[in-house]
Amino acid sequence: MPSETDFIASADATLAAIGNALDRALDASDADADWSLNDGILEIDCDDRGKLIVNRHVPNREIWVAARAGGFHFRAADGIWRDTRSGEELAAALKRLLRAQAGIEVDLSGLPSPIA
């Protein structure tokens with residue numbers, strides 16, 4: 001398990017990369033969404049479809065996602081953030097959730113590898 005400092009740096013790099021991917025996707029679409037990143041909490045406001053929250057959970061060394069479709073926990077495994085229940089990759093899950101909830105296509109193929 002990574003140290004707390006290493007986990008925070010790794011998770012924050014991932015959250016920043018998600019924000020950058022959102023900027024690119026929103027610039028290329030007419031979707032009505034906005035996002036903010038503050039202290040390890042990425043809030044994606046999907047207008048009348050509610051919010052999608054992505055945050056780091058330091059005690060468990062996980063990234064948590066809360067969406068209309070449910071809650072998901074992702075842990076570093078083999079250089080990828082993987083859902084602790086289904087094994088789905090964070091990038092694939094967020095792409096699916098953002099398409100369903102915000103109506104935007106986001107390319108998350110460049111997410112940084114987590115520190116395991």
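The following refers to the structure shown. Since the model is a prediction, treat every value here as computed from it, not as a measurement. (Residues numbered from 1 in each chain as written. Predicted model: local features only at pLDDT ≥ 70, side-chain atom pairs only at ≥ 80, totals over all residues. Heavy atoms only, no water.)

**What to know about the overall build of the chain**
When its secondary structure is counted, the chain shows two helices and six strands. Helices (α) and strands (β) of the chain occur, in sequence order from the N terminus, as α-β-β-β-β-β-β-α. Relative to the 2.2 N^0.38 estimate, which gives 13 Å for 116 residues, the radius of gyration of the chain is 13 Å and therefore close to what a compact globule would have. If one aligns the C-alpha atoms of the chain with their principal axes, the spans along those axes are about 40 × 25 × 20 Å. In the chain, which comprises 116 residues, the share counted as buried stands at 39%. Here the chain carries 12 positive and 20 negative side-chain charges, and the mean point of each set is 6 Å from the other. (Helix = DSSP H or I, 4+ residues; strand = E, 2+ residues; numbered from the N terminus. Rg over C-alpha atoms; globule rule 2.2 N^0.38 Å. Buried < 20%, exposed > 50% of the residue type's maximum accessible area, 1.4 Å probe, protein only. Lys, Arg positive; Asp, Glu negative; His and termini not counted. Charge placed at Lys NZ, Arg CZ, Asp CG, Glu CD.)

**With respect to a negative patch on the surface**
Taken together, Asp23, Asp27, Asp32, Asp34, Asp45, Asp47 and Asp48 make up a surface patch of like negative charges. Relative to the assigned elements, Asp45 resides in strand β2 (residues 41-45). Residue Asp45 is classed as partly exposed on the basis of its relative accessible area, which comes to 35%. (Patch = residues over 30% accessible without salt bridge, like charges linked within 9 Å, V, L, I, M, F, W, Y side chains within 5 Å. Areas by Shrake-Rupley, 256 points an atom, 1.4 Å probe, with all protein chains shown as cover. Salt bridge = Lys/Arg side-chain N within 4 Å of Asp/Glu carboxyl O.)

**What to know about the sheet that holds strand β6 (residues 80-83)**
Reading across the sheet, the six strands line up as β1-β2-β3-β4-β5-β6 and stay open at both edges, with antiparallel pairing between neighbours. With one partner strand each, in any of the chains shown, β1 (34-38) and β6 form the two edges of the open sheet. Taken over all neighbouring pairs, the strand axes of this sheet differ in orientation by 20° on average, direction set aside. With six bridges connecting them, strand β4 (residues 62-67) and strand β5 (residues 70-77) associate as antiparallel partners. Bridging from a neighbouring strand, Trp64 pairs with His73 of β5. Across the sheet, helix α1 (residues 4-27) touches β1, β2, β3 (51-57), β4 and β6, and the angle it forms with β3 is around 160°. (Pairing = 2+ DSSP bridges. Axes fitted to C-alpha atoms, helices over the stretch in contact; angles between N-to-C directions. Contact = heavy atoms within 4.5 Å.)

**A word on the nonpolar core**
Membership of the largest hydrophobic core comes to 33 residues, with the highest contact counts inside it found for Ile18, Leu52, Val54, Val65 and Leu90. In terms of residues, this core owes the most to one element, α1, which gives nine residues. (Core = buried A, V, L, I, M, F, W, Y, C linked by side-chain atoms within 4.5 Å.)

**As for α1**
Across its 24 residues, α1 extends 34 Å between first and last C-alpha, which sits within 8% of the 34 Å expected from 1.5 Å per residue. Within α1 the residues assigned to the buried category are Phe7, Ser10, Ala11, Thr14, Leu15, Ala17, Ile18, Gly19, Ala21, Leu22, Ala25 and Leu26. Next to the buried residues of α1 lie β1, β2, β3, β4, β6 and α2 (90-102). (Expected span 1.5 Å × (residues − 1).)

**Examining the pattern of salt bridges**
Within this structure, the stated rule accounts for eight salt bridges. Close ionic contact of Glu105 with Arg99 constitutes a salt bridge, the shortest N to O distance being 2.6 Å. Residue Glu105 is classed as partly exposed on the basis of its relative accessible area of 46%. On the accessibility criterion, Arg99 (39% relative accessible area) is partly exposed. Three or more residues are tied together by salt bridges with common partners; here these are Asp12, Asp39 and Arg56.

**Regarding the environment of Phe74**
In this structure, Phe74 sits in strand β5. Distance from Phe74 to Leu37, taken between C-alpha atoms, is 18 Å for residues 37 residues apart in sequence. Ignoring any residue separated from it by four or fewer positions in sequence, one finds Phe74 in contact with Arg61, Glu62, Ile63, Val65, Trp81, Arg82, Asp83, Glu88, Glu89, Leu90 and Ala93.

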